[in-house]
Amino acid sequence: MDEREQAGREQAGRADLPSDVAARGSAAAAAHASARATGGQASIGVPTPRRDQDGRSAGTAGPGEKPTRAGAFERLIGLVVFGLAAIAGALLLVAASTVGPPVEHTPNEGLVLGIWRVLYATEAPSARVAISAVALAALLAVGVALVELRITNRSRRSVDAGADPLAPKLVMARTAGVFAGPVTVTILIPAHNEEASLAQTVESLVGQTRPPERIVVVADNCTDSTVEVARRVGVEVVASVDNIHKKAGALNQVLRRLLPTLGDNDAVMIVDADTRLDDGFLEAAVARFTADRALMAIGGLFYGEDGAGVLGQFQRNEYSRYSRDIRRRRGRVFVLTGTASMFRPAALRAVAESRGTTIPGTPGDVYDTAALTEDNELTIALKSLGALMISPSECSVVTEVMPTWRALWNQRLRWQRGALENLGAYGLRPTTLRYWAQQLGIGYGVIALGGYIALILITILAVNSWVWFPFWMGLGVVFAIERVVTVWAGGWRARLLAVLLLPELVFATFLDVVYLKGVVDIFFGRRAGWTHVAHPSVAQAADDGAPAVNHR
């Protein structure tokens with residue numbers, strides 16, 4: 001079928017639609033066909049950044065620098081969170097000491113390295129202490145869940161257009177009786193030196209059960225053959241102009257021109273260049289947008305790619321547990337993953353208009369270029385404006401895993417710093433309460449795991465023979481069962497790693513050290529940045545007989 005015949009069929013299929021919808025759909029199809037005919041030349045103009053007198057782009061940092069926010073609270077955010085977690089741990093210890101009865105048996109004595117006298121007891125805590133600890137943990141969990149539910153319900157019922165312009169009740173009122181046409185999908189793929197994985201990503205998009213109307217590769221400062229690969233697979237290419245703000249800056253340039261041309265149902269999807277979507281992702285997402293006018297964004301549930309040995313399995317176990325948690329929350333979003341998320345244009349326009357007033361950032365920018373974790377920050381921004389978002393179980397993606405400990409360190413340090421800095425930028429408000437609770441939980445986990453490891457080391461050094469602690473061994477078995485159950489869907493490798501318990505404790509300790517490093521770096525104002533992990537070129541991968549997989 002040639003392009004003219006295809007265009008004729010598309011026009012005939014739109015005969016029963018309003019003229020503005022048919023025109024918009026035809027224009028999108030024509031733009032995509034034009035891009036293919038011209039070898040993928042960009043049809044989205046990118047504005048040249050406004051410059052200051054010194055020649056630097058307005059509102060930007062120097063070369064290689066990450067833009068930062070000034071403010072004591074932002075600098076202290078890590079210490080605030082960690083300090084609150086430490087206070088909570090101290091209060092729990094005091095409460096346990098108060099509730100528990102005196103020790104019934106005389107503690108045993110040991111010497112650490114022959115110089116430090118310590119006392120230890122093998123008896124289990126009393127039933128009163130154990131029940132009190134479990135009850136307190138359950139009370140805190142239920143409390144956080146109830147507060148989060150109340151905040152969510154209040155946001156959904158809000159009619160305050162100034163504070164919650166994206167609240168479902170307001171969106172439904174604005175769009176009542178308005179036919180915005182069928183849902184279309186424009187996909188933006190931010191790419192910096194992604195020649196190894198880009199073709200696979202585009203293939204997974206074109207092969208969807210419901211393909212997108214348009215695919216645009218946003219090439220940002222590429223020094224490899226990313227642009228050539230994109231044109232070879234027949235998609236549009238837009239190159240960023242003088243961008244030093246990485247992914248967020250490149251996307252801002254394109255979105256600034258793209259969003260004004262889109263209707264309410266012309267969805268925009270951001271997909272990383274090293275991501276493979278489940279075949280039914282777009283079909284499920286479009287169905288959700290079609291069924292619910294108030295829905296503003298859809299995030300994917302991500303799973304780790306194969307490979308990278310035990311280190312890769314650690315990460316796959318993490319991602320499996322996260323996806324399981326989201327499914328148990330019936331799709332209620334915690335973070336709109338940067339790997340693959342879809343947005344209504346109205347949502348992104350509202351964010352850009354609210355920057356600098358009700359939410360942090362530069363007016364007119366969709367993404368806050370001062371944020372290290374732009375996906376997490378955009379999620380908080382949308383929640384702050386009252387947006388309804390979900391991550392359906394049908395919308396899953398396979399994403400990269402870090403191949404080395406150094407690469408993982410860099411990635412997780414950026415994630416952890418970004419999460420803390422986002423809280424520092426937004427402060428304590430209803431929409432960030434759940435994020436504060438999460439960070440407090442991480443901080444408390446650091447203290448608890450650190451104390452656990454310290455006590456084990458002291459015991460090993462203080463005693464001359466192995467000592468059995470039945471109660472704590474029993475808790476270890478319960479913990480191991482929980483670890484296995486939560487990764488069961490990941491297969492036998494995931495279950496084996498989880499049941500061994502010790503390896504995952506080592507991995508958790510590694511993440512705790514990353515957390516502490518992030519807190520220290522924020523406090524001392526150390527410059528943070530984005531990293532790009534080198535990967536084999538397409539040609540080299542082919543010569544080696546290995547799949548070309550990109551890691552960032």
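Here the structure is shown first, and the text comes after it.
Here the structure is a predicted model, which means the values were calculated and not measured. (Residues numbered from 1 in each chain as written. Predicted model: local features only at pLDDT ≥ 70, side-chain atom pairs only at ≥ 80, totals over all residues. Heavy atoms only, no water.)

Novice: Teacher, can you tell me more about the sheet that holds strand 9 (residues 301-304) here?
Specialist: Remark on secondary structure: sheet strands pair via backbone hydrogen bonds, oriented parallel or antiparallel. Ordered by their spatial adjacency, 3 strands build an open sheet running 7-12-9, and the pairing between neighbours is mixed. The sheet is open, and its two borders are formed by strand 7 (276-277) and strand 9, each paired with just one other strand. (Pairing = 2+ DSSP bridges. Helix = DSSP H or I, 4+ residues; strand = E, 2+ residues; numbered from the N terminus.)

Novice: Hey, could you run me through the packing of helix 10 (residues 309-328) against helix 16 (residues 492-500) in this one?
Specialist: Two packed helices can be described by the angle between their axes and the distance between those axes. At a minimum axis distance of 10 Å, the contact between helix 10 and helix 16 shows a crossing angle of 95 degrees. Relative to helix 16, the element helix 10 lies roughly perpendicular. For the pair formed by helix 10 and helix 16, the contact residues are Val310, Gln313, Phe314, Asn317 and Arg321 on the first element and Arg493, Ala494, Leu497 and Ala498 on the second. Among the residues forming the contact of helix 10 with helix 16, the class breakdown is 5 nonpolar, 2 polar and 2 charged. (Axes fitted to C-alpha atoms, helices over the stretch in contact; angles between N-to-C directions. Parallel < 35°, antiparallel > 145°, perpendicular 65-115°, else oblique. Contact = heavy atoms within 4.5 Å. Nonpolar A, V, L, I, M, F, W, Y, C, P; charged D, E, K, R; others polar.)

Novice: Looking at this structure, how should I read the nonpolar core?
Specialist: The tendency in soluble globular proteins is for nonpolar side chains to be buried as a group. Grouped together as the largest cluster of nonpolar side chains are 52 residues, with contacts concentrated most on Leu188, Leu255, Val268, Phe343, Tyr367 and Leu382. Of all the elements, helix 8 (residues 246-258) adds the most residues to this core, at 6 residues. (Core = buried A, V, L, I, M, F, W, Y, C linked by side-chain atoms within 4.5 Å. Buried < 20%, exposed > 50% of the residue type's maximum accessible area, 1.4 Å probe, protein only.)

Novice: Where do I start with a nonpolar patch on the surface in this structure?
Specialist: Taken together, Leu76, Leu79, Val520, Phe523 and Phe524 make up a surface patch of nonpolar side chains, about 410 Å² in accessible area. Taken together, the elements giving at least two residues each to the nonpolar patch come down to helix 3 (72-99) and helix 17 (502-523). Locating Phe524 in the fold gives a position in the loop between helix 17 and helix 18 (538-544). (Patch = residues over 30% accessible without salt bridge, like charges linked within 9 Å, V, L, I, M, F, W, Y side chains within 5 Å. Areas by Shrake-Rupley, 256 points an atom, 1.4 Å probe, with all protein chains shown as cover. Salt bridge = Lys/Arg side-chain N within 4 Å of Asp/Glu carboxyl O.)

Novice: Sorry, what's going on with the packing of aromatic side chains here?
Specialist: Here the structure, examined in full by the defined rule, presents 10 aromatic pairs. Taking the centre distance of 5.0 Å and the plane angle of 75 degrees together, the rings of Phe302 and Tyr319 count as edge-to-face. Pair noted here: Phe302 is in strand 9 and Tyr319 is in helix 10, with a separation of 17 residues, a long-range link. When sorted by exposure, Phe302 lands in the same class as Tyr319, which is buried. Taking the centre distance of 5.2 Å and the plane angle of 25 degrees together, the rings of Phe302 and Tyr322 count as stacked. (Phe/Tyr/Trp six-rings, centres within 6.5 Å; stacked < 30°, edge-to-face > 60°.)

Novice: Looking at this structure, how should I read unusual backbone geometry?
Specialist: Leaving glycine out, the prevailing phi sign among residues is negative, and the prevailing peptide bond configuration is trans. Although it is not a glycine, Asn221 adopts a positive phi angle of roughly 50 degrees. Residue classification places Asn221 among the partly exposed positions, given a relative accessible area of 42%.

Novice: Explain the pattern of salt bridges to me, please; I cannot follow it from the model alone.
Specialist: Pairs can form between side chains of opposite charge whenever their charged atoms are close. Going through the model one piece at a time under the given rule, you end up with 15 salt bridges. For Glu504, the salt bridge goes to Arg321, with nearest N and O atoms at 3.0 Å. One end of the pair, Glu504, is in helix 17; the other, Arg321, is in helix 10, and 183 residues separate them in sequence. Notably, a salt bridge pairs Arg355 with Glu377, separated by 2.7 Å at the nearest N-O pair. Of this pair, Arg355 sits in the loop between helix 11 (345-354) and helix 12 (374-384) while Glu377 sits in helix 12, and the two are 22 residues apart along the sequence. One continuous salt-bridge network, built from bridges that share partners, spans Glu148, Arg329 and Arg434.

Novice: Help me understand the sheet that holds strand 8 (residues 295-299), please; the structure alone is not making it clear to me.
Specialist: Sheet architecture is open: 7 strands sit in the order 5-4-3-6-10-8-11, paired in mixed fashion. Lying at the two open borders of the sheet, with one neighbouring strand each, are strand 5 (236-239) and strand 11 (388-390). Averaged over all adjacent pairs, the angle separating strand axes in this sheet is 20 degrees, with direction ignored. Across 5 bridges, strand 3 (residues 184-191) lies against strand 6 (residues 266-271) in parallel orientation. Counterpart to Leu188 in the pairing with strand 6 is Ile270.

Novice: Please explain the pairing of strand 10 (residues 340-343) as it appears in this structure.
Specialist: Within a regular beta strand, the side chains point alternately toward one face of the sheet and then the other, so they alternate between its two faces. Burial of the side chains of strand 10 extends over both faces: Ala340 and Met342 are buried on one face and Ser341 and Phe343 on the other. Examined bridge by bridge, strand 6 and strand 10 share 4 bridges and lie antiparallel to one another. Note that in strand 10 the partner of Val271 across the bridge is Ala340. Across 3 bridges, the pairing between strand 8 and strand 10 is antiparallel. By the bridge assignment, Ala297 is partnered in strand 10 with Phe343.

Novice: Where do I start with helix 6 (residues 198-206) in this structure?
Specialist: Listed as buried for helix 6 are Leu198, Thr201, Val202, Ser204 and Leu205. Down the axis of helix 6, the buried side of the element spans an arc of 160 degrees, and every buried residue falls inside it. Contacts made by the buried residues of helix 6 are with strand 3, strand 4 (214-219), helix 7 (226-232), strand 6 and strand 7. (Arc of directions from axis to C-beta.)

Novice: What am I meant to see in the packing of helix 10 against helix 13 (residues 405-426) here?
Specialist: For the pair helix 10 and helix 13, the least separation of the axes is 11 Å and the interaxial angle reads 30 degrees. With respect to helix 13, the axis of helix 10 lies roughly parallel. Both helix 10 and helix 13 take part in a crossing whose hand is left-handed. Across the interface between the two elements, Leu311, Phe314, Gln315, Glu318 and Tyr319 from helix 10 touch Trp405, Leu408, Gln411, Arg412 and Trp415 from helix 13. (Left-handed = near helix turned anticlockwise from the far one by under 90°.)

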